[in-house]
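Coordinates in review
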Amino acid sequence: MRPGLAVVAMEMLSGAVRGARPRLRLGSVLQAAVTKTVPPMSNTGSRRFRSTSSMQGFSELARERSKTVTSFYNQSAIDVSAEKASVRLTLATLLYSGKSPDGHHILSSAKYLHKELPVRIAHRIKGFRSLPFIIGCNPTILQVHELYIRAYHMLSDFPPIKDQDVEARFCKLVQQLLDDHKDVVTMLAQGFRECRRHIQDETIIRSFLDTTLCSRLGIRMLATHHLALHEDNADFVGIICRRLSPKRIIEKWVDFARHLCEHQYGSAPRVRINGHVAARFPFILLPLDYILPELLKNAMRATMESHLETPYNLPDVVVTIANNDIDFVIRISDRGGGIPHNILDKVMDYHFSTAEESAQDPRMSNLFNTITNSGNQSGPMHGFGFGLPTSRAYAEYLGGCLSIQSMQGIGTDVYLRLRHIDGKGESFRV
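Residues numbered from 1 in each chain as written. Predicted model: local features only at pLDDT ≥ 70, side-chain atom pairs only at ≥ 80, totals over all residues. Heavy atoms only, no water.

With that out of the way, let us pick up the overall build of the protein. Along the protein, the regular secondary structure elements total 18 helices and eight strands. Counting only residues that meet the buried cut, the protein has 51% of its 430 residues in that class. Long-range pairs, those at least 24 residues apart, make up 79% of the contacts in the protein between residues at least 6 apart in sequence. On the protein, roughly 20800 Å² of surface is accessible, and the fraction owed to carbon and sulfur atoms is 51%. (Helix = DSSP H or I, 4+ residues; strand = E, 2+ residues; numbered from the N terminus. Buried < 20%, exposed > 50% of the residue type's maximum accessible area, 1.4 Å probe, protein only. Contact = heavy atoms within 4.5 Å. Areas by Shrake-Rupley, 256 points an atom, 1.4 Å probe, with all protein chains shown as cover.)

A few words now on the nonpolar core. Ranked by size, the top nonpolar core spans 109 residues in total, and within it Phe192, Phe283, Leu416 and Ile421 carry the most contacts. No other element matches the twelve residues that helix 13 (residues 202-228) contributes to this core. Apart from the residues lying within four places of it in its own chain, the contact partners of Ile421 are Leu91, Ala92, Leu95, Ile240, Pro282, Phe283, Ile284, Ser427 and Phe428. (Core = buried A, V, L, I, M, F, W, Y, C linked by side-chain atoms within 4.5 Å.)

Turning our eyes to something else, we now look at the sheet that holds strand 4 (residues 281-284). The strands that make up a sheet pair up through hydrogen bonds in the backbone, lying either parallel or antiparallel. Spatial strand order, 1-2-4: three strands in an open sheet with antiparallel pairing. Each having just a single partner strand, strand 1 (236-237) and strand 4 make up the two edges of the open sheet. Most of the contacts of helix 15 (residues 285-305) go to strand 4, to which it runs at about 70 degrees, and overall it touches strand 1, strand 2 (240-244) and strand 4. (Pairing = 2+ DSSP bridges. Axes fitted to C-alpha atoms, helices over the stretch in contact; angles between N-to-C directions.)

Taken as a whole, this structure holds 16 salt bridges when the rule is applied. A salt bridge links Arg120 to Glu116, with the shortest nitrogen-to-oxygen separation between them at 2.7 Å. Taken together, the positions of Arg120 and Glu116, both in helix 8 (residues 104-129) and four residues apart, correspond to about one turn of that helix. Neither Arg120 nor Glu116 differs from the other in exposure class; each is buried. Each of Glu202, Arg206 and Asp349 takes part in salt bridges that share partners, so that together they form one network. (Salt bridge = Lys/Arg side-chain N within 4 Å of Asp/Glu carboxyl O.)

In regions of low pLDDT, the predicted coordinates are not meant to be interpreted in detail. For the protein, per-residue confidence averages 81 on the pLDDT scale, and 75% of positions sit at 70 or higher. A low-confidence stretch, residues 1-8 stays under pLDDT 50, and its non-local contacts, those more than four residues away or across chains, total 21 contacts. Within the model, pLDDT remains below 50 along residues 353-382, and this stretch shows 62 contacts once partners closer than five positions in the same chain are excluded. (pLDDT = per-residue confidence, 0-100.)

On to the environment of Phe170, then. Take Phe170: it is sitting in helix 11 (residues 164-180). The buried category is assigned to Phe170, whose relative accessible area is 0%. With 60 residues separating them along the chain, Phe170 and Ala110 place their C-alpha atoms 7.7 Å apart. Contact partners of Phe170, with chain neighbours within four places excluded, come to Ala110, Leu113, His114, Leu155, Phe158, Ile161 and His226.

The element helix 12 (residues 184-194) is largely enclosed, with a buried count of eight among its eleven residues. For helix 12, the elements touching its buried residues are helix 8, helix 9 (133-136), helix 10 (139-156) and helix 13.

Contact geometry of helix 14 (residues 246-265) with helix 15 gives a least axis separation of 9 Å together with a crossing angle of 40 degrees. Viewed along their axes, helix 14 and helix 15 adopt a mutual orientation that is oblique. You can see that helix 14 and helix 15 cross each other, and the crossing is right-handed. In this structure, helix 14 uses Ile249, Ile250, Lys252, Trp253, Val254, Ala257, Arg258, Cys261 and Tyr265 to contact helix 15, whose residues at the interface are Leu285, Leu288, Asp289, Leu292, Pro293, Leu296, Met300, Met304 and Glu305. Residue composition of the contact of helix 14 with helix 15, grouped by class: 14 nonpolar, no polar and four charged. (Parallel < 35°, antiparallel > 145°, perpendicular 65-115°, else oblique. Left-handed = near helix turned anticlockwise from the far one by under 90°. Nonpolar A, V, L, I, M, F, W, Y, C, P; charged D, E, K, R; others polar.)

So, on to the pairing of strand 8 (residues 411-419). When a strand is regular, its side chains alternate between the sheet's two faces. Across eight bridges, the pairing between strand 6 (residues 327-334) and strand 8 is antiparallel. Each residue of the ladder has a partner; that of Asp327, found in strand 8, is Arg419. The pairing of strand 7 (residues 401-407) with strand 8 spans seven bridges and is antiparallel. In the sheet register, Leu402 faces strand 8, and the bridge partner there is Leu416. Connecting strand 7 to the antiparallel partner strand 8 that follows it, the hairpin turn spans three residues, and Gly409 within it adopts a positive phi of roughly 95 degrees.

Quick look at the structure:
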């Protein structure tokens, strides 16, 4: 984050602690700090140092900070966009929209994104501004807030998309923003852990995180889908796989989780896959690539931790696939002893508070934190207590659910239920 905003945030944060004003909202009080961020220069100093390179550097830095502050506080355009409703599309619409030989479908997709993304980003900026003041001023959370503001202005300032040349430049911008925001989940998790002692109403934070993370998933799916429309792959329409095999996706993440488990313990439970193993249907890989590693990791963790005395006589983890004409279900069953009664009602919560830290098993903190650096598949959710609650939020966003049935002393069954894109009933919207 730029130094000017960081200094202001920290000054105001310390002031808020001394003043004890918990009801303040970030967006309603930051305006007063603008003059602190970029101090005016006297005319004398300007004349005296006008020709020096050091003064030039200072002026450039001051202009850059001033530009940042202006975009941060002058948000009338953002306010207007935040009042607009987002236009959520069904994946069935994306799947059956077809491809035109002249590339008209790509131009239509780009025009939709150009209009839709600023609205969705403005909604998220409004969410950041509604955070309790002392939370919103956390430097890490404020940095994410600034990323969203920067993305909004970059998209809003982009010219209308009228031909393929402009669309190609738009694709570069979209890819740049995807790269800029790839660590947002990790940053949010870190930011809320840093200020967890100041969280008084956790329901507000959970609602903010559910909405922000699901919105981010929807934005990334739409953006990645548009970029993928340029690829010539008969098995895909954008990011939608025409004939996705859940068995193959599960096998990929089983291998990944077993590798991590063997690295830590020298052993890992076997995984058996049964049920409708031959099922194939249209779906998206992206949400499954977030959720499945988390569920498999938890099952293996529980199995290993409950069999530390017999690491070479481990019960299998069983994954069952059930497919029907409305939805599909993936059940992951382990014999890891179950979830203790005093923790069961907290496993779907974001573990950012001191009270919930006791529910974390410190013996596993080093093993699966490495997933954070393993690529874009599921890393940001791991190591911060965000895995299960984020998976639950994603499943609900996609028209499904994530539920847990635990038999204390035996093991745990986790059910991931997701609605088909082209099944009976209305397809979910992103």
